[in-house]
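# Survey of secondary and tertiary structure
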Amino acid sequence: MFFLKSLIDVFKMIYEEGEKEYIDETPFIEMLNELFYKLDRGDITEAIYEKEERKILKKLREIREYKKNMM
């Protein structure tokens, strides 16, 4: 019985850590900043910037929607 409770506690901790990582917007905000920096330096075209920006913003919307539904 003790083993089962310990195993459940471990899985709960893994889930909570994964959830924290999933809802962390910081990496995506940093990606947006880096993407803009690349555009500003001329390393990427406007078209590439817009395509990548849409992907990142979609992920941010998903995270914010998930957070909203958690409350």
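Right, let's walk through the structure included here.

Quick notes on the rules
Residues numbered from 1 in each chain as written. Predicted model: local features only at pLDDT ≥ 70, side-chain atom pairs only at ≥ 80, totals over all residues. Heavy atoms only, no water. Patch = residues over 30% accessible without salt bridge, like charges linked within 9 Å, V, L, I, M, F, W, Y side chains within 5 Å. Areas by Shrake-Rupley, 256 points an atom, 1.4 Å probe, with all protein chains shown as cover. Salt bridge = Lys/Arg side-chain N within 4 Å of Asp/Glu carboxyl O. Helix = DSSP H or I, 4+ residues; strand = E, 2+ residues; numbered from the N terminus. Phe/Tyr/Trp six-rings, centres within 6.5 Å; stacked < 30°, edge-to-face > 60°. Buried < 20%, exposed > 50% of the residue type's maximum accessible area, 1.4 Å probe, protein only. Core = buried A, V, L, I, M, F, W, Y, C linked by side-chain atoms within 4.5 Å. Contact = heavy atoms within 4.5 Å.

## Here we look at a nonpolar patch on the surface
Together, Met-1, Phe-3, Leu-4, Leu-7, Ile-8, Val-10, Phe-11 and Ile-14 line one region of the surface with nonpolar side chains, adding up to about 910 Å² of accessible area. One can find Met-1 in the segment before helix 1 (2-22).

## Focus on the packing of aromatic side chains
Tallied over the entire structure, the rule returns one aromatic pair. A ring pair is formed by Phe-36 and Tyr-49, whose centres lie 6.4 Å apart and whose planes are at 70 degrees; its orientation type is edge-to-face. Of this pair, Phe-36 sits in helix 2 (residues 26-41) while Tyr-49 sits in helix 3 (residues 46-70); the two residues are 13 residues apart in sequence, bridging distant segments of the chain.

## Brief notes about the pattern of salt bridges
Considering all chains together, one arrives at seven salt bridges under this definition. The salt bridge partner of Lys-55 is Glu-52, with a shortest N-O separation of 3.3 Å. Placement of both Lys-55 and Glu-52 in helix 3 is noted, with a separation of three residues, approximately one turn of the helix. Residue classification places Lys-55 among the partly exposed positions, given a relative accessible area of 46%. In this structure, the salt-bridge partner of Glu-62 is Lys-59, at a minimum N-O distance of 3.9 Å. A residue pair is termed a helical-turn pair when its members lie 3 or 4 positions apart in one helix, as Glu-62 and Lys-59 do in helix 3 at three residues.

## Points about the nonpolar core
Counting residues in hydrophobic clusters, the biggest one holds 10 residues: Ile-23, Phe-28, Leu-32, Leu-35, Leu-39, Ile-44, Tyr-49, Ile-56, Leu-60 and Ile-63. The set of elements that each furnish at least two residues to this core consists of helix 2 and helix 3. When neighbours within four sequence positions are excluded, Ile-44 is seen to be in contact with Leu-35, Lys-38, Leu-39 and Tyr-49.

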